[in-house]
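What follows is each chain in one-letter form.
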Amino acid sequence: MSNIIVFFVSSTLQIKQTFSRNMFRFMMLVQPIIFGTVLYLMFKNSSNDDLVAHVIFGTGLITIWGTIVFSSASDIERERRIGTLKYISCAPVKFIVVMSGKIFGNIILGLLSMVYSTLFIIFVFKVQFHIAHPFYFIFGMILTITSFMAISLMFSALLTLSRQARVFMNALDYPIYIICGLVFPIDMLPQFLRYISYLLSPTWANEILKLTARGITNYNDFYQKLIILTLIIVVYYILSIIFFKLIDKKARFDGTLEVI
Amino acid sequence: MSVVEVSNLKRNYKTHIGVFRRKKKITEALKGIDFSINKGEIFGLLGPNGAGKTTTIKILTTLLLPTNGNVRVLGYNVDGEEDKIRNRINFIFGGERSLYWRLSARDNLRYFADLHKITKKIREARINSLLKIVGLENRGDEKVETYSKGMKQRLQIARGLINDPEVLFLDEPTIGLDPVAAKELRHLILRLKNEGKTILLTTHYMQEADELCDRIAFINNGEILRIGTPEDIKGSIEKMRILSICLQNVSNEQMKNVKEKFKNIKINNKENTTNINIETGDIFLVLNKLSEVFEEYQFLTINTRQATLEDAYIHLLQGDKHE
Ligand SMILES: Nc1ncnc2c1ncn2[C@@H]1O[C@H](COP(=O)(O)OP(=O)(O)OP(=O)(O)O)[C@@H](O)[C@H]1O
Ligand SMILES: [Mg+2]
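Residues numbered from 1 in each chain as written. Chains lettered and ligands numbered in written order. Predicted model: local features only at pLDDT ≥ 70, side-chain atom pairs only at ≥ 80, totals over all residues. Heavy atoms only, no water.

1. Considerations on the overall build of chain B
Right, on to step 1. From N to C terminus, chain B includes 11 helices and 14 strands.
Right, on to step 2. The principal-axis extent of the C-alpha atoms belonging to chain B is close to 75 × 50 × 45 Å.
Right, on to step 3. Approximately 16500 Å² of chain B is accessible, and the part contributed by carbon and sulfur atoms is 46%.
Right, on to step 4. Counting 51 positive and 43 negative side-chain charges, chain B places the averaged centre of each group 7 Å from the other. (Helix = DSSP H or I, 4+ residues; strand = E, 2+ residues; numbered from the N terminus. Areas by Shrake-Rupley, 256 points an atom, 1.4 Å probe, with all protein chains shown as cover. Lys, Arg positive; Asp, Glu negative; His and termini not counted. Charge placed at Lys NZ, Arg CZ, Asp CG, Glu CD.)

Shown next, in the form of structure tokens:
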């Protein structure tokens, strides 16, 4: 019970704090317009279905990915800098619960931004928001959100553990749009990059959402994608739990819970 | 019963020096210290900058792991049984950091209460009483970023009490407080002791330590030099008194003479008066020696005082340096 409270309290706190940062407001309000416009210009001669798939989902996923990466990469670091990390990580409540709450807060902000970018594209570029399978679409969205939470949690742990990972992650922010096929199909990528694509949940979330919008022709293929995404989510969660155990040990061993 | 037991505690820090050719350097912050704290006691940890006080506190509060040795808090090992310790202790590090500046004091306290799994009913009542205790009851709903340094410090104190801890660790808690607030905090610390809490405290103010602590440990360079009651420690520099004499028209030759005669002497010149401070166990002997150097008319005032904890501290540390 107290875990659930802490989860929601942490997410509300996160929303309050994050939203008061200028950089974040820019990412939430201005960036989606830029991405939406660029993607629309790239695809404006395509069919309406393609516009939905590429422009609306593309912008939406890029936006939510941006907010999440931006925060998970820096949240723990920020708490460390202001000195609260030692209180959070050594509180009776498990650190992973607090972090999950924070990430959930980020996801809510990301979703708001996603809705905002979608409305922008619908009204400004007159793209019709047509979804072939509304039920599967909603299901796909829930899975997508869960998968973003999982990947965020995993990355935030990884980033805390290793400085190299942090550099890697910063370098990955933009390329991931390409690697996960958010901008153009991953079939156009070289083979070795495609292996990475398949390990990342946004790739599958993107494909699932596109299918629900355009229409599912091969249900077996669709279900297979759902199962793969679910498995990836489970793997991410298991890795996160392991990483968070390691964090507690390693941070206390190295004395890295705060900067002096 | 011992609430805190520390035996042969060692802690090393690994750091890198240099940007390009990075060399590893190991700092031995604690070189095998032993002490224990009894239930209901206020225990002071005193020592110069870099002595290892904060490191000790961090290990006891499960923020750091020992490199070596055995450390138990409330009977549990800090390395492995930290879950049993964490909700029964709390800590306060002096300074303005470690708060969410963009939130109000009340919201800060609520959040940390939730992290301690405190129910809403208890939480609200406790926050009100804590805000009153630290004198922030009228400012509790304002954002922390609008607070003065001392107000932030007081909020930290309230946070440290949010889970009604059995053991409280205070690292320089009065730093940055005005004299009245510092005095109030000392009263609060004594009140907490009377409620049966065990307290470990570090401070650079000797008088504060003298006033508050049941026992004191002097630590320097990661080693404990002495543990005892303030009286013991003051007594340990024998029946040492500080003799303070004011003289006039002291000649250079007299000055040279007096320096040869006494080892631990402090001299201050001011226009044509000279202040001399001497640590001694035998006042008559000193006065006799002085009368061999100076004329009677040169003596303006003669004062003696008991050695303070500060004198003991300086004495101990200097002794440590000479060795
Ligand atoms: N995270 C760290 N990494 C490397 N060295 C450290 C770290 N923390 C402390 N040290 C070193 O350990 C030694 C003890 O430091 P500590 O902070 O415990 O001293 P302190 O007694 O609290 O001093 P002060 O009175 O200045 O607060 C110092 O030499 C310090 O440089
Ligand atoms: Mg310190």
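2. Examining the site of ligand 1
Right, on to step 1. Within the structure, ligand 1 sits among 15 residues, and Gly50, Gly52, Lys53, Thr54 and Thr55 of chain B are positioned closest to it.
Right, on to step 2. Each of chains A and B places residues next to ligand 1.
Right, on to step 3. A distance of 3.2 Å separates an oxygen atom of ligand 1 from a polar backbone atom of Ala51 of chain B.
Right, on to step 4. Across the complex, the protein chains shield 72% of the 630 Å² of accessible surface that ligand 1 would expose by itself.
Right, on to step 5. Put simply, the parts of the chain that give the shell around ligand 1 at least two residues each are β1 (2-17), β2 (23-38) and α1 (53-60) of chain B.
Right, on to step 6. With three residues, the top contributor of residues to the shell around ligand 1 is α1 of chain B. (Near = heavy atom within 4 Å. Polar contact = N/O pair within 3.5 Å; in protein donor to acceptor, adjacent residues only side chain to side chain.)

3. So, unusual backbone geometry
A negative phi angle characterises most non-glycine residues, just as the trans form characterises most peptide bonds.
Right, on to step 1. For Lys126 of chain A, which is not glycine, the phi dihedral falls at a positive 55°.
Right, on to step 2. Although it is not a glycine, Asn8 of chain B adopts a positive phi angle of roughly 50°.
Right, on to step 3. Relative to the elements of secondary structure, Asn8 of chain B occurs in strand β1.

4. What to know about the side chain of Ser100 of chain A
All names here are of chain A.
Right, on to step 1. Relative to the helices and strands, Ser100 is located in helix α6 (residues 95-125).
Right, on to step 2. Within polar-contact distance, the side chain of Ser100 engages the backbone oxygen of Ile96 at 2.7 Å.
Right, on to step 3. Ignoring sequence-local partners within four residues, the contact set of Ser100 consists of Phe7, Met149 and Leu153. (Contact = heavy atoms within 4.5 Å.)

5. Observations concerning the interface of chain A and chain B
When the parts come together, some accessible area is lost, and that loss is often what is quoted as the size of the interface.
Right, on to step 1. With 36 residues of chain A in contact, the opposing surface of chain B contributes 30 residues.
Right, on to step 2. Note on chain A versus chain B: buried area summed over both sides is about 3000 Å², and carbon and sulfur give 56% of it.
Right, on to step 3. Here chain A is connected to chain B by five salt bridges.
Right, on to step 4. In this structure, the salt-bridge partner of Asp79 of chain B is Lys249 of chain A, at a minimum N-O distance of 3.1 Å.
Right, on to step 5. Here chain A is connected to chain B by 15 residue pairs in polar contact (both at pLDDT 80 or more).
Right, on to step 6. Elements represented by at least two residues in the side of chain A that touches chain B include exactly α1 (2-19), α4 (48-82), α5 (85-89) and α12 (219-254) of chain A.
Right, on to step 7. The dominant element in the side of chain A that touches chain B, judged by the number of residues it contributes, is α1 of chain A, at eight residues.
Right, on to step 8. Looking at the side of chain A that touches chain B, its residues break down into 16 nonpolar, eight polar and 12 charged. (Buried area = accessible area lost by both parts, 1.4 Å probe. Salt bridge = Lys/Arg side-chain N within 4 Å of Asp/Glu carboxyl O. Nonpolar A, V, L, I, M, F, W, Y, C, P; charged D, E, K, R; others polar.)

6. Quick word on a nonpolar patch on the surface
Residue and element names in this part refer to chain A.
Right, on to step 1. Among the surface-exposed residues, Met23, Phe26, Leu29, Val30, Ile34, Val38 and Met42 lie close enough to one another that they form a single nonpolar patch of about 590 Å² accessible area.
Right, on to step 2. Elements that contribute at least two residues to the nonpolar patch include exactly α2 (22-29) and α3 (31-43).
Right, on to step 3. Positionally, Leu29 belongs in helix α2.
Right, on to step 4. On the basis of relative accessible area, Leu29 is assigned to the partly exposed category, the value being 35%. (Patch = residues over 30% accessible without salt bridge, like charges linked within 9 Å, V, L, I, M, F, W, Y side chains within 5 Å. Buried < 20%, exposed > 50% of the residue type's maximum accessible area, 1.4 Å probe, protein only.)

7. Digging into the packing of helix α7 (residues 134-161) of chain A against α12 of chain A
Residue and element names in this part refer to chain A.
Right, on to step 1. Two numbers describe how α7 lies on α12: the axes approach to 8 Å, and their chain directions differ by 25°. Taken together, α7 and α12 sit at an angle that is classed as roughly parallel. Seen along the crossing, α7 lies across α12 with a hand that is left-handed.
Right, on to step 2. Of the residues assigned to the contact of α7 with α12, the class counts are 24 nonpolar, six polar and one charged. (Axes fitted to C-alpha atoms, helices over the stretch in contact; angles between N-to-C directions. Parallel < 35°, antiparallel > 145°, perpendicular 65-115°, else oblique. Left-handed = near helix turned anticlockwise from the far one by under 90°.)

8. Structural notes on the domain arrangement of chain B
Right, on to step 1. Here chain B is partitioned into domain 1 (2-231) and domain 2 (241-306).
Right, on to step 2. Just the C-alpha atoms count here: the centres of domain 1 of chain B and domain 2 of chain B sit 44 Å apart. (Domains from an automatic or database assignment.)

9. Details of the pairing of β1 of chain B
Sheet faces and side chains relate simply in a regular strand, where the side chains alternate between the two faces.
Right, on to step 1. Alignment of β1 of chain B against β2 of chain B, held across 13 bridges, turns out to be antiparallel. Note on β2 of chain B: the bridge partner recorded for Ser2 of chain B is Asn38 of chain B. (Pairing = 2+ DSSP bridges.)

10. What about the sheet that holds β1 of chain B?
Residue and element names in this part refer to chain B.
Right, on to step 1. Across the sheet, which stays open at both edges, the four strands sit in the order β2-β1-β4-β5 with antiparallel pairing between neighbours. Strands with a single pairing partner mark the edges of an open sheet, and in this sheet they are β2 and β5 (76-77).
Right, on to step 2. Docked against the sheet, α1 engages β1, β2 and β4 (68-73), running at close to 70° with respect to β2.

11. Topic: the packing of α6 of chain A against α7 of chain A
All names here are of chain A.
Right, on to step 1. Two numbers describe how α6 lies on α7: the axes approach to 10 Å, and their chain directions differ by 130°. By the criterion of interaxial angle, the relationship of α6 to α7 is oblique. Note that α6 runs across α7; the crossing there is right-handed. Facing α6, whose interface residues are Ile96, Met99, Ser100, Ile103, Phe104, Ile107, Leu111 and Met114, α7 presents Met141, Ile145, Phe148, Met149, Ser152, Leu153 and Ser156.

12. Some remarks on the side chain of Thr203 of chain B
Residues and elements named next belong to chain B.
Right, on to step 1. Examined against the element boundaries, Thr203 turns out to sit in the loop between β8 (198-202) and α7 (206-212).
Right, on to step 2. Its relative accessible area of 2% is what places Thr203 among the buried residues.
Right, on to step 3. From its side chain, Thr203 meets the backbone nitrogen of Tyr205 in a polar contact 2.9 Å long.
Right, on to step 4. One polar contact links Thr203 to Glu208, side chain to side chain, over a distance of 3.0 Å.
Right, on to step 5. Leaving out residues up to four positions away in the same chain, Thr203 has contacts with Leu45, Leu46, Glu208 and Ala209.

13. So, the packing of aromatic side chains
Right, on to step 1. Here the structure, examined in full by the defined rule, presents 26 aromatic pairs over all chains.
Right, on to step 2. For the ring pair Tyr87 of chain A and Phe112 of chain B, a centre distance of 5.9 Å and an interplane angle of 70° mean the geometry is edge-to-face. With Tyr87 of chain A in helix α5 and Phe112 of chain B in helix α3 (residues 105-115), this pair bridges two chains. Take Tyr87 of chain A and Phe112 of chain B: they sit in the same class, and that class is buried.
Right, on to step 3. Connected via pairs of aromatic rings, a cluster forms that spans Tyr87 of chain A together with Phe91, Phe93, Tyr100, Tyr111 and Phe112 of chain B.
Right, on to step 4. In this arrangement the basic side chain of Arg11 of chain B is found over the ring face of Tyr13 of chain B, its NZ or CZ atom lying 5.0 Å from the centre.
Right, on to step 5. In this structure, Arg159 of chain B packs its charged tip against the face of Phe112 of chain B, placed 4.5 Å from the ring centre. (Phe/Tyr/Trp six-rings, centres within 6.5 Å; stacked < 30°, edge-to-face > 60°. Lys NZ or Arg CZ within 6 Å of the ring centre and 35° of its normal.)

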